Amino acid sequence: MGILQEALHYAVRLAITTSLVIGGYLAYRVFIAPHLSHFRDLPGPSFSSYVFGNLGAVATSNSQSAQREWSQKYGRGGVVKYRGFLGRPRVFFTDPASLTYMLVTHSYSFPKPPEALTPLIFEKAYQLRDIWTELVATDQVDTGAFKSKAKLQEFKDTRTDQGEIVLDVMKWVNRLALDLIGLAGFGYNFEALEKKGNLLGDAFCSMLSCAPKKPTAFDVASLELGAKLLYHLPTLATWIPHERIQALTRAFPIIDSETRKIVAAKKLEVAEEGSGASGGKDLMAILLKANTKGGKVEISDADLQGQVTTTIVAGHETTATSLTWTLYRLARCHDVQTKLRTEIREARRTAKEAGQDEISHNELHALPYLDAVVRESLRIESPIPYTLRMVTADDIIPLSTPIRGRSGNMISGVPVKAGDRIDISISAVNFNKDVFGEDADQFRPERWLEAKSPNAGVGVYSGLMTFLAGPRSCIGYTFTISELKA
């Protein structure tokens, strides 16, 4: 009995000690560490929660509108500080000099945290057009496009024109983008438009479509924690009660298995064709052919699998999102839609008179108003509102113009330490009123046709941050632009 009491006494003391240590650590993180941070003098909003900091505002805002508002209110100098989970200070930059320093001239010191195509595009676009035309002709309403059964019933009760239907555009455009990126990226047909489906396509769709419609601060914090666990301790990640994390853990084994099959089939195909110019023209075929010519770097199967995954994730959901928002903007702005339709019809008429079946790649990209619409859509509806960069060594990030800190001192550079994570607010840069004018929050393609068109001076495409900048900018941005225009 004495041994049992002693063990119980030891367990109680251990529990008390552990609680005090954890409580002390949490108290330090929340109440003391923010005031000792090297970011403490930077301007920014007051926090709304000791636990979640400002993540509530970030989670509930539309396309990072909170960061856009903070940028205008506190960050006209190019940098804003806010609080993350457990009071952890976070910063984001909009200053051109800072962005150039991190993304262009010193891009490898600020990596991400570890965790002949035009005819093809026209072909798939026509296929989607025919599907939509058939749905209209047969009076098929897409019931999945409504928020609730009540809204669906309300539409049915009030509809007078049998030629009027409702489509879930995002669903169909997702299928279009998935087919295009599969064929152009690695010669693989998902057959998503035909609604046949397959294991790989279903895995990616489930993984990318399970984000909460109205995320909370808890969603953001648990997703960040889950992402770290997925990278470092994948087994523990299965215990995180977050729908996106659970979907990722279910999808990863399927993606691994199916991408292995794709890589093996593509290597066999290239081996049979040889490394000549004939054969497959998709990106993976070109990559494998170059690899067989005695290149300096031997690409492993694991790296090729990673290329398949990266191509789908980077080129599927983002393109579909951009195209959906572009169609939405055109539906809302009838004058823009009319101007654009007139320009495209005139270009097609000219192409037909020249004996062409369709507008050529160069002719498509030479249409000025189409180009302006795409630029404005990518500016105002960037599919990725922000990205992260990790600091690998202590440094000082320069500012274009010194700013006054909370203490009253002038700040000409922001000190960062190895391990810091920095937000790159794409949305805040693209809505910068100092660059795009006081009407920066309005969809106005004409701004790109004016004598002095806007340019933030950093991004790889039109000075926008949508595709980032420098060596780590989006490698497939020209393909995305072709998809949007075609």
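Rules used in this analysis
Residues numbered from 1 in each chain as written. Predicted model: local features only at pLDDT ≥ 70, side-chain atom pairs only at ≥ 80, totals over all residues. Heavy atoms only, no water. Axes fitted to C-alpha atoms, helices over the stretch in contact; angles between N-to-C directions. Helix = DSSP H or I, 4+ residues; strand = E, 2+ residues; numbered from the N terminus. Parallel < 35°, antiparallel > 145°, perpendicular 65-115°, else oblique. Left-handed = near helix turned anticlockwise from the far one by under 90°. Contact = heavy atoms within 4.5 Å. Nonpolar A, V, L, I, M, F, W, Y, C, P; charged D, E, K, R; others polar. Core = buried A, V, L, I, M, F, W, Y, C linked by side-chain atoms within 4.5 Å. Buried < 20%, exposed > 50% of the residue type's maximum accessible area, 1.4 Å probe, protein only. Pairing = 2+ DSSP bridges. Arc of directions from axis to C-beta. Salt bridge = Lys/Arg side-chain N within 4 Å of Asp/Glu carboxyl O. Phe/Tyr/Trp six-rings, centres within 6.5 Å; stacked < 30°, edge-to-face > 60°. Lys NZ or Arg CZ within 6 Å of the ring centre and 35° of its normal. Expected span 1.5 Å × (residues − 1). Polar contact = N/O pair within 3.5 Å; in protein donor to acceptor, adjacent residues only side chain to side chain.

1. Quick look at the packing of helix α14 (residues 334–353) against helix α16 (residues 368–380)
Each packed pair of helices is defined by two parameters, the angle between the axes and the distance between the axes.
Turning to step 1, where the next piece is worked out: Their axes nearest at 8 Å, the elements α14 and α16 cross at an angle of 140°. What the angle tells us is that α14 and α16 run oblique. Where α14 crosses over α16, the two elements pack in a sense that is left-handed. In contact with Val336, Lys339, Leu340 and Glu343 of α14, α16 contributes Pro368, Tyr369, Leu370 and Val373.
Turning to step 2, where the next piece is worked out: Looking at the contact of α14 with α16 residue by residue, the classes come out as six nonpolar, no polar and two charged.

2. Side note on the nonpolar core
Turning to step 1, where the next piece is worked out: Core analysis: the largest hydrophobic core is formed by 34 residues, its most contacted members being Val336, Val373, Val374, Leu378, Tyr461 and Ile481.
Turning to step 2, where the next piece is worked out: It is α16 that provides the largest number of residues to this core, a total of seven residues.
Turning to step 3, where the next piece is worked out: Excluding its chain neighbours within four sequence positions, the residues that come into contact with leucine 378 are Ser322, Asn430, Tyr461, Leu464, Thr466, Phe467, Ile481 and Leu484.
Turning to step 4, where the next piece is worked out: Within the second largest apolar cluster, 25 residues are counted, among which are Phe110, Ile403, Ile422 and Val458.

3. Remarks on the pairing of strand β5 (residues 410–416)
Turning to step 1, where the next piece is worked out: Across six bridges, strand β4 (residues 395–404) lies against β5 in antiparallel orientation. Bridging across to β5, arginine 404 finds its partner in methionine 410.
Turning to step 2, where the next piece is worked out: Between β4 and β5, which pair antiparallel and follow one another directly, the connecting turn spans five residues, one of which, glycine 408, has a positive phi of 100°.

4. A short note on the sheet that holds strand β6 (residues 421–425)
Turning to step 1, where the next piece is worked out: Spatial ordering of the open sheet is given by β1-β2-β6-β3, a layout of four strands whose pairing is mixed. For this open sheet the edge positions go to β1 (79–83) and β3 (386–390), each flanked by a neighbour on one side alone. Each adjacent strand pair in this sheet contributes to an overall mean axis angle of 30°, direction not counted.
Turning to step 2, where the next piece is worked out: Of the pairings in the sheet, the one linking strand β2 (residues 89–93) to β6 comprises three bridges and is parallel in character. Its bridge partner lying in β6, phenylalanine 93 is registered against isoleucine 424.
Turning to step 3, where the next piece is worked out: Those strands touched by helix α3 (residues 65–73) are β1, β2, β3 and β6, and its axis lies near 125° from that of β1.
Turning to step 4, where the next piece is worked out: Sheet strands in contact with helix α4 (residues 96–105) are β2, β3 and β6, and its direction is about 115° off that of β6.

5. Comments concerning α4
Because an α-helix completes one turn every 3.6 residues, residues spaced three or four positions apart along the sequence face the same direction.
Turning to step 1, where the next piece is worked out: Every buried residue belonging to α4 is among Ser98, Leu99, Tyr101, Met102 and Leu103, and all of these are buried. All buried residues of α4 fall inside an arc of 160° around its axis, so they share one side.
Turning to step 2, where the next piece is worked out: Looking at the buried positions of α4, the neighbouring elements they touch are β2, β3, β4, β6 and α17 (426–430).

6. Thoughts on the pattern of salt bridges
Turning to step 1, where the next piece is worked out: Applying the stated criterion across every chain yields a total of 16 salt bridges.
Turning to step 2, where the next piece is worked out: Aspartate 256 is paired through a salt bridge with arginine 260; the nearest N and O atoms lie 3.1 Å apart. Of the two residues, aspartate 256 and arginine 260 are both situated in helix α11 (residues 243–273); the distance of four residues between them amounts to about one turn of the helix.
Turning to step 3, where the next piece is worked out: Exposure remark for arginine 260: the relative accessible area of 49% places this residue in the partly exposed category.
Turning to step 4, where the next piece is worked out: One network of salt bridges, with partners in common, ties together Glu376, Arg379, Asp439, Arg444, Arg447 and Glu450.

7. Comments concerning the packing of aromatic side chains
Turning to step 1, where the next piece is worked out: Under the counting rule described, the total for this entry stands at eleven aromatic pairs.
Turning to step 2, where the next piece is worked out: Arranged with centres 5.5 Å apart and planes meeting at 40°, the rings of phenylalanine 467 and tyrosine 477 form a pair that is tilted. Here phenylalanine 467, found in the loop between α18 (433–436) and α19 (477–485), pairs with tyrosine 477, found in helix α19; they are ten residues apart in sequence, far enough to count as distant.
Turning to step 3, where the next piece is worked out: Put simply, the rings of Phe31, Phe47 and Tyr50 pair up and form one aromatic cluster.
Turning to step 4, where the next piece is worked out: Looking at arginine 68, its charged tip hangs above the ring of phenylalanine 431, at a distance of 4.0 Å from the centre.
Turning to step 5, where the next piece is worked out: We note arginine 379 situated over the ring of phenylalanine 436; from NZ or CZ to the ring centre the distance is 5.0 Å.

8. Thoughts on the environment of alanine 57
Turning to step 1, where the next piece is worked out: For alanine 57, the location among the structural elements is in helix α2 (residues 55–60).
Turning to step 2, where the next piece is worked out: Separated by ten residues in sequence, alanine 57 and glutamine 67 have C-alpha atoms that sit 8.9 Å apart.

9. Let's talk about helix α7 (residues 169–186)
Turning to step 1, where the next piece is worked out: An ideal rise of 1.5 Å per residue puts 26 Å on 18 residues; α7 measures up with 26 Å between its terminal C-alpha atoms.
Turning to step 2, where the next piece is worked out: Burial of α7 is extensive: 13 of the 18 residues sit out of reach of the surface.

10. A look at unusual backbone geometry
Turning to step 1, where the next piece is worked out: A positive phi is found at leucine 86, a non-glycine position, where the angle reads about 55°.
Turning to step 2, where the next piece is worked out: In this structure, leucine 86 sits in the loop between β1 and β2.
Turning to step 3, where the next piece is worked out: Relative accessible area serves as the criterion here: at 16%, leucine 86 is assigned to the buried category.
Turning to step 4, where the next piece is worked out: In this model, leucine 468 sits at a positive phi of 65°, which is unusual for a non-glycine residue.
Turning to step 5, where the next piece is worked out: Secondary-structure assignment places leucine 468 in the loop between α18 and α19.

11. Some remarks on the side chain of aspartate 423
Turning to step 1, where the next piece is worked out: As for its position among the elements, aspartate 423 is in strand β6.
Turning to step 2, where the next piece is worked out: A relative accessible area of 0% places aspartate 423 in the buried class.
Turning to step 3, where the next piece is worked out: A distance of 2.3 Å separates a polar atom in the side chain of aspartate 423 from a polar atom in the side chain of tyrosine 82.
Turning to step 4, where the next piece is worked out: When neighbours within four sequence positions are excluded, aspartate 423 is seen to be in contact with Gln67, Tyr82, Arg90, Val91, Phe92, Phe93, Thr387 and Leu388.

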